[in-house]
Amino acid sequence: MSVSALRNFVSWAMVVLCPLSLTAADTGSAIVHGKGGVWVNGSEVVDSTAIFPGDLLQTKPGFVASLDAEGSSVLIQPESVIKFQGTFLSLEHGGVSVGTSTAMSVHVNCIKVKPVSNERTQYDVADVSGTVRVAARKNDVNITQGSALRNASPDNNSPQSATVHEGQEATRDEAAVCGTAVRPGGAASGLNTKWVEIGAGTGGGVLLLCLLLCKGKKPTQVSPDHP
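Residues numbered from 1 in each chain as written. Predicted model: local features only at pLDDT ≥ 70, side-chain atom pairs only at ≥ 80, totals over all residues. Heavy atoms only, no water.

K.L.:
Could you give an account of the overall build of the chain, with specific residues and numbers?
P.N.:
When you go through the chain residue by residue, the secondary structure sums to four helices and 16 strands. For the chain, with 227 residues in total, the buried portion stands at 32%. Within the chain, residue pairs in contact and separated by at least 24 positions form 46% of the contacts whose partners lie at least 6 positions apart. Of the roughly 13,100 Å² that the chain leaves accessible, carbon and sulfur atoms contribute 57%. (Helix = DSSP H or I, 4+ residues; strand = E, 2+ residues; numbered from the N terminus. Buried < 20%, exposed > 50% of the residue type's maximum accessible area, 1.4 Å probe, protein only. Contact = heavy atoms within 4.5 Å. Areas by Shrake-Rupley, 256 points an atom, 1.4 Å probe, with all protein chains shown as cover.)

Rendered as structure tokens:
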């Protein structure tokens, strides 16, 4: 067997024999497992799939998903929306249970939850109706808030930190801390708020046009520059 043929054989053998999780660890990605009701970037996951930084995950009502990354495992609760960012998760809605030995953190708007150390830490983060709940299950986690993460309110420009000790829980009011409106709840619709805003603007234009036409004005009387 030639050297080239041997190299090809070994390469294919490594692809077949190496677990998918090891491949993901080398690329900064992760593996998502689901049994229905789990969507990645708008496509349903049948069994398992690799995800990469920037990918959006959604779970429908009654369904959960598990995420395996290097040194971390995450249980994604039903009706959750998260964005995988490699070393951390951006939680848009719902809840996650994290077990990590690589200090994987969870961001909710301008609020950041991160293990105090690289020791194996287990903690929960939930964001429902504008209230962020953090529970430390094993070892301690820090809650940091401030404009360093996202646009915080003028009254909260200075990052603030607090420690949630093992066995304790803490809550934060997202709107009060970050100075933002409460984001819409529920993952079932899968709508991007940007498109909702655009749709609302379009609807307003249609309503205005309807009012003009209902007043008896003919189409020829409507200026193309000033409807």
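K.L.:
A description of the pattern of salt bridges should follow, citing residues and the corresponding values.
P.N.:
Counting across every chain of the model gives one salt bridge. Residue Asp 124 is joined to Arg 137 by a salt bridge in which the shortest nitrogen-to-oxygen separation is 2.8 Å. Taken as a pair, Asp 124 in strand β12 (residues 121-128) and Arg 137 in strand β13 (residues 131-138) lie far apart in primary sequence, 13 residues in all. (Salt bridge = Lys/Arg side-chain N within 4 Å of Asp/Glu carboxyl O.)

K.L.:
Tell me what's going on with unusual backbone geometry, and back it up with residues and numbers.
P.N.:
We note that Asn 41 has phi near 50°; this positive angle belongs to a residue other than glycine. Located in the positive-phi region is Ala 103, a residue other than glycine, with phi close to 60°. Within the fold, Ala 103 resides in the loop between β9 (88-100) and β10 (105-108). Among the residues examined, Ala 103 registers a relative accessible area of 11% and is labelled buried.

K.L.:
Explain the environment of Gly 146 residue by residue, including any values.
P.N.:
Counting through the fold element by element, Gly 146 comes out in the loop between β14 (141-145) and β15 (160-164). Spatially, the C-alpha atoms of Gly 146 and Lys 112 are 8.8 Å apart, while their sequence positions differ by 34 residues.

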